[in-house]
Amino acid sequence: HQQNLARELFAELRKAVSFKDLKSPLPDLGDSLLESPPTAPVIPAGPMAFIDLLNRPSIWLEINNTFVDLRFLLPQAKAYKDLEPKDSNPVPDPLCTYLHFQKMYMLNLTVFQLVKIQDLVVRLLQESFAGELISVDYNDDEWEKKLTLKEAKKGLNNLLKNGKLTSQEHQLIMEALEIPSQSPHKDTVIRYRNGLAHRIRLSVDYPELFTEVEDRAGQPVIDPATGKATGKVYPLRGGKSKPKFLFADLYTALSDYMGYVAKMLKALKGIPRLA
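> What is the right way to look at the pairing of strand S2 (residues 229–233) in this model?
Sheet faces and side chains relate simply in a regular strand, where the side chains alternate between the two faces. Counting buried positions over the five residues of S2 gives zero, only a small fraction of the element. The pairing of strand S1 (residues 219–222) with S2 spans four bridges and is classified as antiparallel. Of the residues in S2, the one forming a bridge with Ile222 is Ala229. Hairpin geometry of S1 and S2 is characterised by an intervening segment of six residues between the two adjacent antiparallel strands and by a positive phi of about 75° at Gly227.

Structure representation (structure tokens):
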């Protein structure tokens, strides 16, 4: 036990040394999200629009802090991965076990923070249109659950139709919201995020440490003579398969996606109504 503790402590020291170098290449917004434009016109969007002036800066601060968290968490995950002993396995090697779970903890927190940024962007839109972009009952403790990107886009379209939003503003906002979807790694990020947040976690690096369930869809049996399905077979794995993801691929996907999120935030900050 003392030997294991010593190995873990030494690994933490090595992680701390490499952390800064791994953090530097990641997208960095600095203080740009906290800066107020010299002239930001206030366009009343409703009787409660005066609250926008108070809530918008608060939401930008929360978005900024969340992005800072991303730059703090993801390089730590990478540092732990780099320290995993080569040709080792978490089952027999306690140090590999420790490093793997630390890696996954930081990685999964990164994913949750990425999701939170999207939620906060929707909240920013809500707070920039007098709280009326999406119809909610503010007396309901669960009202924030209704603030989804899908509903926000519907609200923006309705404001455009009603003449409460110019076509130029509408276009700028919609184009900004679409920027993250331009990442070539979008599907990887979404697939991992869905498994982490809503479904059974998908394995990373070491499938023996993750849960697997059998496929209920089965594989069709095709009659070669008719080309029609005559039944289904349900092959059972009987053991752990290959990992669904490798950490290196997830790191590449998440760091790239972060860059597109940063571009989206810069674009939204450049829109006077939202700044």
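> Just to check I follow, could you spell out the nonpolar core for this structure?
Side chains that are nonpolar tend, in soluble globular proteins, to be buried together. Grouped together as the largest cluster of nonpolar side chains are 65 residues, with contacts concentrated most on Ile63, Phe67, Leu107, Leu156, Tyr192, Leu265 and Leu268. Counting residues per element, the ones that place at least two in this core are helix H2 (52–83), helix H3 (94–128), helix H4 (149–161), helix H5 (167–178), helix H6 (186–197) and helix H7 (247–269). When residues no more than four places from it in sequence are discounted, the contact partners of Leu156 are Leu125, Phe129, Leu133, Leu165, His170, Ile173, Met174 and Leu177.

> I keep staring at the layout of surface pockets and nothing clicks. Help me out?
One way to see where empty space is left: roll a probe the size of a water molecule over the atoms. The computed volume of the largest pocket comes to approximately 360 Å³. If you go around the largest pocket, you meet 20 residues; those closest to its centre are Gln118, Leu149, Pro180, Arg193 and Tyr257. When contributions to the lining of the largest pocket are tallied by element, the ones reaching two or more residues are H3, H4, H5, H6 and H7. Here the lining of the largest pocket gets six residues from one element, more than from any other, and that element is H3. Considered class by class, the residues forming the lining of the largest pocket number 14 nonpolar, two polar and four charged. A volume near 240 Å³ is recorded for the second largest pocket.

Rules of the game
- Residue numbers restart at each chain and count upward from 1, following the sequence in its written direction.
- Residues qualify for local features only when their pLDDT is at least 70, as the model is predicted, and side-chain atom pairs are given and counted only at 80 or more; totals for whole chains, interfaces and linings, by contrast, use all residues.
- Hydrogens and waters are ignored; side-chain quantities use all the structure's heavy atoms.
- Accessible area is worked out with a 1.4 Å probe on protein chains only. A residue is then buried under 20% of its type maximum, exposed over 50%, and partly exposed in between.
- Strands are runs of DSSP state E lasting at least 2 residues, helices are runs of H or I lasting at least 4, and numbering of each runs from the N terminus.
- Here, any two strands with at least 2 DSSP bridges between them count as paired.
- Grouping buried Ala, Val, Leu, Ile, Met, Phe, Trp, Tyr and Cys residues that are joined through side-chain atoms within 4.5 Å yields what is termed a nonpolar core.
- In what follows, residue pairs with any heavy atoms lying within 4.5 Å of each other are defined as contacts.
- The rule is simple: put a 1 Å grid over the protein atoms alone, call a set of points where a 1.4 Å probe fits but cannot get out a cavity, call an open set with protein on both sides within 12 Å along at least five of seven lines a pocket, and count a residue as lining if it has an atom within 4 Å of a point.
- Grid points are joined across faces, edges and corners, and a volume is the space filled by probe spheres set on the points.
- For this classification, Asp, Glu, Lys and Arg are treated as charged, while Ala, Val, Leu, Ile, Met, Phe, Trp, Tyr, Cys and Pro are nonpolar and the rest, including Gly, are polar.

In short, geometric facts, not functional conclusions.
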